[in-house]
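Coordinate inspection notes
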Amino acid sequence: MNIIYSKVNPPQKQEDYFPVDLTSETMGEHFRKVMEKVREQNLDALVIYADREHGANFAYLTGFEPRFEEALLILHRDEKAYLMLGNENLKMCRYSFVKAELIHCPYFSLPCQPMVPEKPMRSFMEDAGLKKGMKIGCCGWKYFTSSTQDNQKIFDISSFIIEAIREAVPGGVLVNASGIFLDPVQGVRHIMNANEIAHYEFAAGLASSRVREALDAVTPGRTEMEIAHLLAAFGQPITVTTITAAGERFTNGVVFPRNKKISLGDKFSMTLGLRGGSSSRAAIVARTEEDLPQGQKDYIEKVAAPYFKAAAAWYEKVGIGVSCSDVYDTMEKIFPKETYHWTLNPGHYTDQEEWSSSPMYHGSQAVLESGMLLQMDLIPSVPGYCGVGAEDGIAIADERLRLTLKEKYPDTWRRFQARREYMREELGIRLREEILPMSDICGYLRPLLLNHEYALKVERTQE
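Residues numbered from 1 in each chain as written. Predicted model: local features only at pLDDT ≥ 70, side-chain atom pairs only at ≥ 80, totals over all residues. Heavy atoms only, no water.

So, the overall build of the chain
- Scanning the chain from terminus to terminus reveals twelve helices and 16 strands.
- Here the C-alpha atoms of the chain give a radius of gyration of 24 Å, agreeing with the 23 Å that 2.2 N^0.38 yields for 463 residues.
- Each principal axis of the C-alpha distribution contributes one length, and for the chain these read about 70 × 50 × 45 Å.
- In the chain, which comprises 463 residues, the share counted as buried stands at 57%.
- Long-range contacts, defined as pairs at least 24 residues apart, comprise 68% of the intrachain contacts of the chain with a sequence gap of at least 6.
- With the model as given, the accessible surface of the chain reaches about 20100 Å², and the carbon-plus-sulfur share is 49%.
- When the 53 basic and 63 acidic side-chain charges of the chain are each reduced to a single mean position, those positions are 1 Å apart. (Helix = DSSP H or I, 4+ residues; strand = E, 2+ residues; numbered from the N terminus. Rg over C-alpha atoms; globule rule 2.2 N^0.38 Å. Buried < 20%, exposed > 50% of the residue type's maximum accessible area, 1.4 Å probe, protein only. Contact = heavy atoms within 4.5 Å. Areas by Shrake-Rupley, 256 points an atom, 1.4 Å probe, with all protein chains shown as cover. Lys, Arg positive; Asp, Glu negative; His and termini not counted. Charge placed at Lys NZ, Arg CZ, Asp CG, Glu CD.)

Here it is as structure tokens:
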């Protein structure tokens, strides 16, 4: 695979991005999958925690996340359900897809709000049917994989909640059950139907369209804030911190876009993540190699082209039945850690969270399946050079799932096909038939950001 920097037509601007709601049928499927795991693990009840930052497991069943407050969804083995909500989320119980009995828990409210009913936290757990001797699965938002501890005994839920559960079930057992949702091999959130893929494609595609427009607007003299303004996406919820950063980031501890002017030769990074995927780019504010910083005139050859080769290999490697360990090993071979100093997994699951879990690590037992959403994620760090990056997501869909998408979500299907064609014809990246790009700019990388006509691509020798 030979990588060249040459003229490339920019990606087609996709239109008509409108939300696709999750259906009651999809949400019912979620409930059935979770309850099956509850019984498999011989749990008497499953306690699912949520707050605004960490609400995806909770929302997988209810359809919403609590605003401002914490919340619990408690599911019993017999399918009896309780929603424990604070003052400002009480009204949401009637909108929950899981039909549940409401328990008003003022401990979940904001500081100094009314504490009525006022009683010990343990009592609320007892009201939710937790009692002596029960085996309780506790789901926060992390799936722990430490090799030095018993991961089922580590809890990422506030101690006042865990202590109350323990007090309500004397002689019982508490286990971390987040793997029900997030286990890289068996987690229920990782396999999606056509409705879910279309739901997430809306936001992933919208994010990519905003990033594409903002990248084209980067100009020396404009500010980070001016460029960030172009990333506005109809008020859709973000999944990662929005980034438009020129030069050195994090000065004075600031992680958000600043009123800082962009200069020629700056390293530049941009990220917008919406539910379903994020689009992220890292490059240099330059038109030609003459604009590159001193000591980095070979930036394309030394950093950008090797990165793009690895990214293209990733896109061509992933598919149904592919071992995630093999994907990891392929990245290590093409883009060795020792040289390029990447430290995170070279890819991860994505859905309502930007990174829910990852199957891509050395020795992984996970195999890629139809229905998965994955983010291509390589972050090199080469001493003396600016960074480079082109992160986007894909869906994996077998023939049956593709047919359903085509029939039920024609606009989504049209965008998938346009992106596949672009990657093949303009970038030289040959996707397997089951790979559906979630982003309008999937694979598109301009390492010299101000040159809108040139990008990296795969050059194929005659076969």
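Once you've had a look at it, read on.
Digging into a nonpolar patch on the surface
- Side chains of Phe250, Val254, Val255 and Phe256 sit close together on the surface and give an oily, nonpolar patch of about 350 Å² of accessible area.
- Position of Phe250 relative to the elements: it lies in the loop between β8 (243-246) and β9 (267-274).
- A residue is classified by how much of its surface remains accessible, and Phe250, at 46% relative accessible area, is partly exposed. (Patch = residues over 30% accessible without salt bridge, like charges linked within 9 Å, V, L, I, M, F, W, Y side chains within 5 Å. Salt bridge = Lys/Arg side-chain N within 4 Å of Asp/Glu carboxyl O.)

A look at the packing of helix α6 (residues 194-217) against helix α11 (residues 399-408)
- Two elements in contact, α6 and α11, have axes whose closest approach is 9 Å; the angle formed by their N-to-C orientations is 60°. In terms of their interaxial angle, α6 and α11 are classed as oblique. In the crossing of α6 with α11, the sense of the turn from one axis to the other is right-handed. Only Leu401, Thr404 and Leu405 of α11 make contact with α6, whose side of the interface consists of Ala194, Ile197 and Ala198.
- Residues that form the contact of α6 with α11 fall into these classes: five nonpolar, one polar and no charged. (Axes fitted to C-alpha atoms, helices over the stretch in contact; angles between N-to-C directions. Parallel < 35°, antiparallel > 145°, perpendicular 65-115°, else oblique. Left-handed = near helix turned anticlockwise from the far one by under 90°. Nonpolar A, V, L, I, M, F, W, Y, C, P; charged D, E, K, R; others polar.)

Section: the packing of aromatic side chains
- In this structure the tally under the stated criterion is ten aromatic pairs.
- Just above the ring of Tyr82 sits the side chain of Lys80; from NZ or CZ to the centre is 5.4 Å.
- Over the ring of Phe124 we find Lys119, and its NZ or CZ is 5.0 Å from the ring centre. (Phe/Tyr/Trp six-rings, centres within 6.5 Å; stacked < 30°, edge-to-face > 60°. Lys NZ or Arg CZ within 6 Å of the ring centre and 35° of its normal.)

Considering the sheet that holds strand β12 (residues 373-375)
- Read from one edge to the other, the open sheet built from four strands follows the order β11-β12-β14-β15, with strand pairing classed as antiparallel. The open sheet terminates on both sides in strands that have one partner only, identified here as β11 (348-349) and β15 (435-437).
- Sheet analysis places β12 next to strand β14 (residues 393-396), joined by three bridges and oriented antiparallel. Each residue of the ladder has a partner; that of Leu373, found in β14, is Ala395. (Pairing = 2+ DSSP bridges.)

Geometry only, nothing functional implied.
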